[in-house]
Amino acid sequence: MKQDGSIKLFHYWNRLRNGRPAPKRTEIEPAEIKTLLADTFILEQDSRGEAVFRLAGTRLCATYGRELKGFCFPSLWREKDQRLVARLTHGVFHAKSVVTIAFDGYSSNSRINPFELLLLPLDGGPESPRALGIVSPCERPFWLGADPLVDAMIDSVRVINPDREPMFLKNRPEIPVPSLAPSDHALSDSMKSLGAKRVRHLVVLKGGREE
């Protein structure tokens, strides 16, 4: 977690939850994260079990050149990454995991820019799973917001245990982050089929980048 927006939103969420797996969605006060709102979003699970945007900030919508409310979250990525994104989001909804995704966004004019996405669980009750997130561009080229993103490809994924990670500080040397996922011998066949492997305290999942 390297971008200011991700770090600030994580600390806000972590303070609200106060040791619980997740804060209640009613505890989120937009005024307290007003500097982040343009890039933040809330996901919900629809009647088909898919993650869709319930709310999305104005700058985030401009980045994609569309109103994202009601739009299917995994469909922002190219087809080969959509199943992984769906599984990760399901984990945020139901296992209260915390996920960061580094990805490359591709514009309609074939421009490329790196992004960091943070996804945090909210307690909306068993019938109304929610997630709070933010998308932060790692660079801000002149075309961002004018040349909309039409595709995205995952570079890396990290599943985080926020109770064991001490603090996220910008420019701090990267340290191993304990995963909420089980140990190697307990990794599910489905996760192994996605190319998951254990690296110290991390479960690393291969993204859709072609070598």
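Everything quoted here is computed from the prediction, not taken from an experiment.

A.B. asks: I keep staring at the overall build of the chain and nothing clicks. Help me out?
C.D. replies: For the chain, the count of helices and strands is 4 helices and 8 strands. For the chain, the α and β elements follow one another from N to C terminus as α-β-β-α-α-β-β-β-β-α-β-β. When the 211 residues of the chain are sorted by exposure, 47% land in the buried category. Nonlocal contacts in the chain, meaning residues at least 24 apart in sequence, comprise 57% of its contacts between residues at least 6 apart.

A.B. asks: Looking at this structure, I do not really get the nonpolar core. What am I missing?
C.D. replies: Soluble, globular proteins show a tendency: their nonpolar side chains are buried together. Judged by nonpolar contacts, the single largest core of 31 residues is most densely connected at Phe73 and Trp77. Elements with a contribution of two residues or more to this core: β1 (40-45), β2 (51-56), α2 (58-64), α3 (79-95), β3 (98-107), β4 (112-122), β5 (130-137) and β6 (149-160). When near neighbours in sequence (up to four residues on either side) are disregarded, Phe73 contacts Phe41, Leu43, Ala51, Val52, Phe53, Val85, Thr89, Leu117 and Leu119. Ile7, Phe10, Ile28 and Leu36 belong to the second largest nonpolar core, which has 18 residues in total.

A.B. asks: Would you explain the pattern of salt bridges in this entry?
C.D. replies: For side chains of opposite charge, pairing can occur when their charged atoms come near one another. As enumerated under the stated definition, the model contains 11 salt bridges in all. Put simply, Asp39 and Arg59 hold a salt bridge, and the shortest N to O gap is 2.7 Å. Of this pair, Asp39 sits in the loop between α1 (4-17) and β1 while Arg59 sits in helix α2, placing them 20 residues apart in sequence. Given a relative accessible area of 8%, Asp39 falls into the buried group. Look at Arg59 and you get partly exposed, because its relative accessible area is 35%. A cluster of three or more residues bridged by salt bridges with shared partners is formed by Asp39, Arg59 and Arg140.

A.B. asks: Help me understand unusual backbone geometry in this model?
C.D. replies: Peptide bonds are, in most cases, trans, and in most cases residues other than glycine have a negative phi. The backbone phi angle of Asn18 is positive, close to 50 degrees, even though this residue is not glycine. You can see Asn18 is positioned in the loop between α1 and β1. A positive phi angle, near 65 degrees, is found at Ser110, a position not held by glycine. Tracing the backbone through its elements, the reader meets Ser110 in the loop between β3 and β4.

A.B. asks: What exactly am I supposed to notice about α1 here?
C.D. replies: Count 3.6 residues to each turn of an α-helix, and residues three or four apart come out pointing the same way. Across its 14 residues, α1 extends 20 Å between first and last C-alpha, which sits within 8% of the 20 Å expected from 1.5 Å per residue. Looking only at α1, the buried set comprises Gly5, Ser6, Ile7, Leu9, Phe10, Tyr12, Trp13, Leu16 and Arg17. Among the structural elements, β1, β3, β4 and β5 are those in contact with the buried residues of α1. Downstream of α1 by one or two residues, Asn18 has phi in the positive range, about 50 degrees.

A.B. asks: Is there a simple way to explain the packing of aromatic side chains in this structure?
C.D. replies: Describing an aromatic ring pair means giving the distance of the ring centres and the angle of the ring planes. The final tally for this structure, using the stated rule, is 7 aromatic pairs. Seen from their ring centres, Phe41 and Phe53 are 5.4 Å apart, and the 65 degrees between their planes marks the pair as edge-to-face. In this pair, Phe41 sits in strand β1 while Phe53 sits in strand β2, placing the two residues 12 residues apart along the sequence. On the basis of relative accessible area, Phe41 is assigned to the buried category, the value being 2%. A relative accessible area of 2% places Phe53 in the buried class.

A.B. asks: How do you make sense of the side chain of Ser97 when you look at a structure like this?
C.D. replies: You can see Ser97 is positioned in the loop between α3 and β3. From its side chain, Ser97 meets the backbone nitrogen of Val92 in a polar contact 3.2 Å long.

A.B. asks: Can you help me understand the pairing of β4 in this one?
C.D. replies: Along a regular strand, successive side chains alternate from one face of the sheet to the other. Most of β4 sits out of view: 9 of its 11 residues are buried. Where β3 lies against β4, 8 bridges are found, and the strand directions are antiparallel. When the sheet's bridge partners are listed, Phe103 is paired in β4 with Phe115. What sits between β3 and β4 in their antiparallel hairpin is a turn of 4 residues, with Ser110 showing a positive phi close to 65 degrees. Of the pairings in the sheet, the one linking β4 to β5 comprises 8 bridges and is antiparallel in character. Across the sheet, residue Phe115 finds its bridge partner in β5, namely Pro137.

Reading guide: rules and limits
- Residues numbered from 1 in each chain as written.
- Predicted model: local features only at pLDDT ≥ 70, side-chain atom pairs only at ≥ 80, totals over all residues.
- Heavy atoms only, no water.
- Helix = DSSP H or I, 4+ residues; strand = E, 2+ residues; numbered from the N terminus.
- Buried < 20%, exposed > 50% of the residue type's maximum accessible area, 1.4 Å probe, protein only.
- Contact = heavy atoms within 4.5 Å.
- Core = buried A, V, L, I, M, F, W, Y, C linked by side-chain atoms within 4.5 Å.
- Salt bridge = Lys/Arg side-chain N within 4 Å of Asp/Glu carboxyl O.
- Expected span 1.5 Å × (residues − 1).
- Phe/Tyr/Trp six-rings, centres within 6.5 Å; stacked < 30°, edge-to-face > 60°.
- Polar contact = N/O pair within 3.5 Å; in protein donor to acceptor, adjacent residues only side chain to side chain.
- Pairing = 2+ DSSP bridges.

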